[in-house]
Amino acid sequence: MRNPARQTRENRTITVDFQNEATYFQLLGDGKAFLECILAFVLSLGFQLKHKATCGGGGCLTRHSHYVRIRLGGITIWRLQCTTCRVVFTILPHFVLRYRQMRPDVARKALLATHGGLSLELCAVIGDISPMALYRLICALGHQNLVVMLTRCGLPLPVYFLADEKHSKCLADKVYLPTIVCGRVIWHLGYTEEASAAAFTESYGVFHRAASQQEPSDRVKGVLTDGFDSTTKSMRTLLPGVRVGTCLRHALIKLPKKLVAIASPVRKALRTQFHTLWYRARQRKGLRVFALGQRLRHFADHVTHTAGTANGERVRRWFQEKKAGWYAVLADPQMPATSTLLDQAHNAIDRKLFMMKGFHHRGGSQQAFLTGLAHLYNLVPYQRRAQHAGQCGVEVEGGKVPTHDWLLNLQILTSGGFR
Ligand SMILES: [Zn+2]
């Protein structure tokens, strides 16, 4: 008889760096040394093993059983069991990928090429693997939550962040990728088929729940958006009382579109004056909101004088509509003022999605795939001539990664066996 209450087994696999393969095979013959090596490794990471909730983890670990993985060329994999709560941890040596035949050095090349924007098909050619195998590998990495991964690196939950949606396509259908970025790190990359406030709330809610699990009190003070109604609404629903600002760079970009049927030099002059207005407003130390309100009124009058009543009215109405979001940015000096870093993250993800067109289909593992891409975005170091050469996004933001090797970091940080 089937047991209806049968629990799904939790993933308690951990990847351990044994430095080289020979060490691993040597340790297989010595249980005590094997155990010590693993405990020392976990200690060096500063992580804790995921015991049962009721177990303090103070008990002993014993070697539980081992099994030989045929697909991996007969490598012996050991398991450790906690003598108190009886949970079992599977110990994967660094040269093995979970559930995968693919060697890490092959995965490294293929993932790096993917991250660089090469098509899945061509990435697969580099490693002599199937494109589907690469797709599945990225999805497997994406089963680990971004918030869990980033807090494991010691990054504090963001207090101010950027939120916006990337418009993309799944076959012929429009889809949206709600995204949360703080500095150089992606905290959330979701997937919705609708642009409604409800759909976005659900997606951003995944981030919100994961963050609340790490730290029950809400710490978010400010969110910067591009002013899209559904985004603003979803943020207000999830984070009542949060300051929601609108990107100031978008204000500059949008102004010329509000000025119709005027000579180009007039439009250019107005844009320059608008730019100066923002610069001065941000330079001010006190009464920034009050001063901005005054300046916007004067500027609208100025538009009426130089570009006619119709343009003046249009600009005035636009200010009326947007000013609350701009005030929110100026009211708090710590609020981010532009969404440039989020646009950069979207551009990077866009290249990969464009390159994997052939894999889009309804009912695919879009969410897992996107999260996998976001892990790569956060953990692959910048190239040697970049501003932050050799560092990954997590490090630029002040986080710590377990080792100097990004793929090993990816393997360790997406393990399910840590708390
Ligand atoms: Zn235990």
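Now for a quick tour of the structure. These numbers come from a predicted model, not from an experiment.

## Focus: the nonpolar core
Argument step 1. With 128 residues, the main nonpolar core has Leu 111 and Phe 274 as its most contacted residues.
Argument step 2. Counting residues per element, this core draws most heavily on helix α14 (residues 366–379), which supplies 8 residues.
Argument step 3. The residues contacting Leu 111, other than those within four sequence positions of it, are Leu 134, Leu 137, Ile 138, Leu 141, Leu 376, Trp 406, Leu 407 and Leu 410.

## A word on the coordination of the zinc ion
Argument step 1. Every protein donor of the zinc ion is listed here as His 51 (ND1), Cys 55 (SG), Cys 82 (SG) and Cys 85 (SG), and their distances to the metal cover 2.1 to 2.4 Å.
Argument step 2. Considering all 4 donor atoms around the zinc ion, the spread of angles at the metal, 102 to 116°, places the coordination shape in the tetrahedral class.
Argument step 3. Here the donor residues of the zinc ion are spaced in sequence according to H-x3-C-x26-C-x2-C. With a gap of 34 residues between them, His 51 in the loop between α2 (31–45) and β2 (61–69) and Cys 85 in the loop between β3 (75–82) and β4 (88–93) connect regions that are remote in the sequence. The burial state of His 51 is the same as that of Cys 85; both residues are buried.

## A closer look at the state of the cysteines
Argument step 1. Summed over the entire model, instances satisfying the criterion amount to 0 disulfides.
Argument step 2. A disulfide-free cysteine, Cys 182 has its sulfur positioned 14 Å from the sulfur of Cys 153, the nearest such atom.

## Topic: the pattern of salt bridges
Argument step 1. Going through the model one piece at a time under the given rule, you end up with 11 salt bridges.
Argument step 2. Among the salt bridges present, the one from Arg 103 reaches Glu 21, with a minimum N-O distance of 2.8 Å. Pair noted here: Arg 103 is in the loop between β4 and α3 (104–115) and Glu 21 is in helix α1 (residues 21–27), with a separation of 82 residues, a long-range link.
Argument step 3. With a relative accessible area of 29%, Glu 21 lands in the partly exposed category.
Argument step 4. Note that Asp 332 and Arg 243 form a salt bridge whose closest N and O atoms lie 3.9 Å from each other. Within this pair, whereas Asp 332 is found in the loop between α12 (309–331) and α13 (340–355), its partner Arg 243 is found in strand β9 (residues 243–246), the two being separated by 89 residues in sequence.
Argument step 5. Note on Arg 243: relative accessible area 33%, which makes it partly exposed.
Argument step 6. One salt-bridge network, in which partners are shared between bridges, spans Glu 21, Arg 103 and Asp 105.

## Re the side chain of Asn 378
Argument step 1. Checked against the element boundaries, Asn 378 lands in helix α14.
Argument step 2. Polar side-chain contacts of Asn 378 include one of 2.9 Å to the backbone nitrogen of Ile 186.
Argument step 3. Residue contacts for Asn 378: discarding those within four places in its chain leaves Leu 146, Met 149, Leu 150, Arg 184, Val 185, Ile 186, Cys 392, Gly 393 and Val 394.

## Some remarks on the environment of Leu 141
Argument step 1. Inspection of the secondary structure puts Leu 141 in helix α5 (residues 131–141).
Argument step 2. Along the primary structure Leu 141 and Leu 370 are separated by 229 residues, whereas in three dimensions their C-alpha atoms are 9.9 Å apart.

## Quick notes on the sheet that holds strand β7 (residues 185–189)
Argument step 1. The 5 strands are arranged β7-β6-β5-β8-β9 in an open sheet whose pairing can be described as mixed. In this open sheet, the two strands that pair with only one neighbour each are β7 and β9. Across the sheet, the axes of successive neighbouring strands diverge by a mean angle of 30°, strand direction being ignored.
Argument step 2. Where strand β6 (residues 173–182) lies against β7, 4 bridges are found, and the strand directions are antiparallel.

## Quick notes on α14
Argument step 1. End to end, α14 covers 20 Å across 14 residues, agreeing with the expected 20 Å (1.5 Å per residue, within 8%).
Argument step 2. With 13 of 14 residues buried, α14 is to be regarded as a mostly interior element.

## Quick word on the packing of helix α11 (residues 288–307) against α12
Argument step 1. Between α11 and α12, whose axes approach to 9 Å, the crossing angle comes to 165°. In terms of orientation, α11 and α12 fall into the roughly antiparallel class. You can see that α11 and α12 cross each other, and the crossing is right-handed. Residues Arg 288, Val 289, Leu 292, Gly 293, Leu 296, Phe 299, Ala 300, Asp 301, Val 303, Thr 304 and Ala 307 of α11 pack against Thr 309, Asn 311, Gly 312, Val 315, Arg 316, Phe 319, Lys 323, Trp 326, Tyr 327, Val 329, Leu 330 and Ala 331 of α12.

The rules behind each value
Residues numbered from 1 in each chain as written. Predicted model: local features only at pLDDT ≥ 70, side-chain atom pairs only at ≥ 80, totals over all residues. Heavy atoms only, no water. Core = buried A, V, L, I, M, F, W, Y, C linked by side-chain atoms within 4.5 Å. Buried < 20%, exposed > 50% of the residue type's maximum accessible area, 1.4 Å probe, protein only. Helix = DSSP H or I, 4+ residues; strand = E, 2+ residues; numbered from the N terminus. Contact = heavy atoms within 4.5 Å. Donors = N, O, S within 2.8 Å, 3.2 Å for Na, K, Ca; no water. Tetrahedral: all angles 85-135°; square planar, octahedral: opposite > 155°, others 65-115°. Disulfide = S-S within 2.5 Å. Salt bridge = Lys/Arg side-chain N within 4 Å of Asp/Glu carboxyl O. Polar contact = N/O pair within 3.5 Å; in protein donor to acceptor, adjacent residues only side chain to side chain. Pairing = 2+ DSSP bridges. Axes fitted to C-alpha atoms, helices over the stretch in contact; angles between N-to-C directions. Expected span 1.5 Å × (residues − 1). Parallel < 35°, antiparallel > 145°, perpendicular 65-115°, else oblique. Left-handed = near helix turned anticlockwise from the far one by under 90°.

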